[in-house]
Amino acid sequence: MLASKIFTPTLRDVPAEAEIVSHQLLLRAGFMRKSTAGVYTILPMGHRVINKIIKIVEEEMNKADGQELYLPIIQPAELWLESGRWHVYGPELFKLKDRHNRDFCLGPTHEEIITDLVKKEVSSYKQLPLLLYQIQNKYRDERRPRFGLMRSREFIMKDLYSFDRDEEGLDISYQKMFDAYTNVFKRCGLKFRPVEADSGAIGGNRSHEFVVLAGSGEAEIVYCESCDYAANVERAEAVNAGINPDANPEKMSKVATPNIKTIQEISDFLQVSPEQCLKTLVYLADGKPVAVVVRGDREVNEIKLKNKLDCLELELARDDAVLELSGVPVGSLGPVGLKGIPVYLDEEASLVVNGVTGANEVDHHLINVNYPRDYQAQLIGDFRLVGAGDKCPVCQAELSSARGIEVGQVFKLGTKYSEAMDATFVDEHGQRQYMVMGCYGIGITRTMAAAVEQNYDENGIIWPLAIAPFQVAIVPVSNKDEAQMKAAFSIYRELLKRGIEVILDDRDERAGVKFADADLIGYPLRITVGKKTVKEGTVDIRVRRDGTEMTVPLEQVEQEVMTLIERGK
Ligand code: ATP
Ligand code: MG
């Protein structure tokens, strides 16, 4: 391809709305343009990268016995009513009506459509297992679309659904997909980690997220260096130890704490550590209040809480609502004698001996509070966020934490959808059984952004070879020099002949501009054709990733490029 012909409008300045590097660079380097909030046009360079990711994904899905199909984006409300998700999915669902006033949505995911298809077409155990997938646009009216392709409202996803006869079959399909995902992200040249993930309110099921490690990522993970344990913090299990476990419970008493509200203030005022304090937060679960008590140095894990409560909406109650519900201002709340609000007590908080809490009375706290002597709970459980320094639930070593970008998720659904939508088959004994399902998603456009987030420098993108829009850029220093142009075109043709994806920068620009664009766009290899080429018969080959440069005689250029590409794979 000639650079003069490709539509890749680059920008010199960082676009104001772009907060993270991948968003900035994909705009600047001309891979995409914003259409409206959370909706992007993918330009030819971006399209090439996406196609490469798609090719890798298709190869790995096919290798794992996946069969590709194409499901409709427009989905009728009836199927979503049947699965029970029409109302549950919430405002993220893009809903629309046709001219007959019938309800539809734009597919954010395709469990309903595919379960409906398979239940109609599959009736015997002989037709299972079945692994079906597609790659197409998904629509989610995200609350906060941001970071460009990272969290958009229209994006490309690969979604595969597995249908098995039983749990053992599902285990096999799940493992196949887990391995296929590992291959996909390895082949894309990304540093990633599979982590245990939250699987929602349906207990017992398993899920893993594939997280590309990057400081800007929205996902927080904890991992153990002594064993393999790794989990999204939403999911990570707490290992709890008592505070002063051997101390004797003292007599509870009330102390005046004028104007003291936060954990930090109370711990300074009474000279106790935050971990000795109990923090009480009131949430509204589908409108009903619940008080959650965690240790003063901990945060509530709202995902765990939501799963336990099995509610649709969970939100922290506003200060005025707390006052109205309990008669106590937020800073003075505590579990002792709290009226009218059920208490969900984090297990670790229950182990605190001689704790400090709000006294449910303005400007007063209680000291030497002990569970269960002084207060009761409706439920004790794991309601806190785990973080670096916590113990590994598998081997008890200390956990580390990191941030990352969720690029894929695999999920055992079990019979959730097949039961709701009555998708059954007849087994070898003539018995009707529900199909056992799994679902597996990869964010294709998010993977492109994640690759940039992990591979860039101050000059631009550094594409991993496997997903680069072009592998090689040839840059003649001067267009006016016919001999240079001749040499450049000759290398160009030779590389094309060998199947290498190469771009020749034939634009009438200064060499500096062409070099800067090559760096910004991020071609893995750059061949500079200059005076030396004409005089001495050599070119310079530069590796984008580490800046190494080598001078190579013209007759060895193709061979050298092939070697570098092989090595980079
Ligand atoms: P998140 O927690 O980031 O909102 P999710 O768990 O809702 O994502 P899934 O339903 O598991 O997402 O979708 C599968 C994959 O699709 C995700 O792993 C991610 O790569 C991608 N994806 C999901 N939402 C978006 C989005 N708004 N923009 C771009 N990619 C997305
Ligand atoms: Mg997910």
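Residues numbered from 1 in each chain as written. Chains lettered and ligands numbered in written order. Predicted model: local features only at pLDDT ≥ 70, side-chain atom pairs only at ≥ 80, totals over all residues. Heavy atoms only, no water.

Description of the overall build of the chain
Rule in force here: We count a stretch as a helix when DSSP gives it H or I for four or more residues in a row; a strand needs E for two or more, and each element gets its number in order from the N terminus. Relative accessible area decides the class of each residue, using a 1.4 Å probe on protein chains only: under 20% of the type maximum gives buried, over 50% gives exposed, and in between gives partly exposed. Residues count as neighbours in contact if any of their non-hydrogen atoms are within 4.5 Å of one another. Values of accessible area rely on a 1.4 Å probe in the Shrake-Rupley scheme; residue burial ignores everything except the protein chains shown.
Secondary structure assignment for the chain yields 16 helices and 31 strands. Here the chain holds 569 residues, and the buried ones make up 53% of them. Put simply, 68% of the contacts in the chain that link residues at least 6 apart link residues at least 24 apart. Carbon and sulfur atoms make up 49% of the accessible area of the chain, which totals about 25800 Å².

Details of the coordination of the magnesium ion (ligand 2)
For the record, the criterion: Each metal site lists N, O and S donors within 2.8 Å (3.2 Å for Na, K and Ca). With water left out of the atoms, a site can look as if it is missing ligands.
For the magnesium ion (ligand 2), every protein donor is listed as Glu406 (OE) and Gln409 (OE1), and the spread of their distances is 1.9 to 2.4 Å. On the basis of relative accessibility, which here comes to 26%, the residue glutamate 406 falls in the partly exposed class.

Brief notes about the pairing of strand E14 (residues 278-285)
Taken residue by residue, a regular strand's side chains alternate between the two faces of the sheet. Applied cut-off: Any two strands are treated as partners once DSSP identifies two or more bridges connecting them.
Here E14 lies mainly inside the structure; seven of its eight residues are buried. The loop that links E14 with its antiparallel partner strand E15 (residues 288-295) comprises two residues; one of these, aspartate 286, has a positive phi angle of about 50°. Summarising the sheet, E14 and strand E16 (residues 314-316) pair through three bridges and their orientation is antiparallel. Counted as the bridge partner of tyrosine 283 is leucine 316 from E16.

Let's talk about the domain arrangement of the chain
Short version of the rule: As used throughout, domain bounds are those supplied by an automatic or database domain assignment.
Per the domain assignment, the segments making up the chain are domain 1 (3-237 + 401-453), domain 2 (253-381) and domain 3 (470-568). Here the C-alpha centre of domain 3 lies 66 Å away from the C-alpha centre of domain 2.

Let's talk about the sheet that holds strand E6 (residues 103-106)
Strands pair in a sheet through their backbones, by hydrogen bonds, and they do so in one of two ways: parallel or antiparallel. The criterion, for reference: Every angle, taken between N-to-C directions, lies between 0 and 180 degrees, and every axis is a line fitted to C-alpha atoms, over only the stretch in contact when it is a helix.
With respect to topology, three strands assemble into an open sheet ordered E4-E6-E5, the strand pairing being antiparallel. The open sheet has two edge strands with one neighbour each: strand E4 (74-76) and strand E5 (94-97). When strand polarity is set aside, the average angle formed by the axes of neighbouring strands in this sheet is 40°. Sheet topology places E5 next to E6; four bridges connect them, and they run antiparallel. In the strand pairing of E6, lysine 97 is matched with aspartate 103.

Notes on the side chain of glutamine 276
Mapped onto the secondary structure, glutamine 276 falls in the loop between helix H7 (263-270) and E14. The buried category is assigned to glutamine 276, whose relative accessible area is 10%. Once residues lying within four places of it in the same chain are set aside, the contact partners of glutamine 276 are Ile243, Asn244, Val352, Val353, Asn354, Gly355 and Val356.

A few points about the side chain of glutamate 60
Structurally, the position occupied by glutamate 60 is in helix H2 (residues 44-63). Classification of glutamate 60 by relative accessible area gives buried; the value is 3%. Not counting the four nearest positions on each side in its chain, glutamate 60 is found in contact with Ala180, Asn183, Val184 and Arg187.

Considering the nonpolar core
To keep things clear, this is the line we draw: Residue types Ala, Val, Leu, Ile, Met, Phe, Trp, Tyr and Cys, when buried and joined through side-chain atoms within 4.5 Å, form a set referred to as a nonpolar core.
Leu26, Phe31, Met177, Tyr181, Phe185, Ile444 and Trp463 are the most contacted members of the largest nonpolar core, which totals 66 residues. Here this core gathers at least three residues from each of two domains, domain 1 (3-237 + 401-453) and domain 3 (470-568). Setting aside chain neighbours within four positions, we find leucine 26 in contact with Phe31, Met32, Leu149, Met448, Ala449, Val452, Ile461 and Trp463. Counting residues in hydrophobic clusters, the runner-up holds 25 residues, among them Trp80, Tyr161, Tyr417 and Met435.

Here we look at the site of ligand 1
Convention followed: In this text, near means that some heavy atom of the residue lies within 4 Å of the molecule or strand in question. Polar contact criterion, stated in full: a pair of N or O atoms within 3.5 Å, where within protein one must be able to donate a hydrogen and the other to accept it, and residues adjacent in sequence count only if both atoms are side-chain atoms. Polarity classes work like this: nonpolar for Ala, Val, Leu, Ile, Met, Phe, Trp, Tyr, Cys and Pro, charged for Asp, Glu, Lys and Arg, and polar for all others, with Gly in that last group.
As a structural note, the neighbourhood of ligand 1 is formed by 14 residues, with Arg140, Glu142, Arg151, Ser152 and Glu406 the closest of them. For ligand 1, an oxygen atom lies 2.9 Å from a polar atom in the side chain of arginine 140. In this structure, arginine 446 approaches ligand 1 through a side-chain N or O atom, which is 3.0 Å from an oxygen atom. Within the complex, the protein chains bury 80% of what would otherwise be the 580 Å² of accessible surface of ligand 1. The element that contributes the greatest number of residues to the shell around ligand 1 is strand E21 (residues 399-414), accounting for four residues. Along the lines of polarity and charge, the residues of the shell around ligand 1 split into five nonpolar, four polar and five charged.

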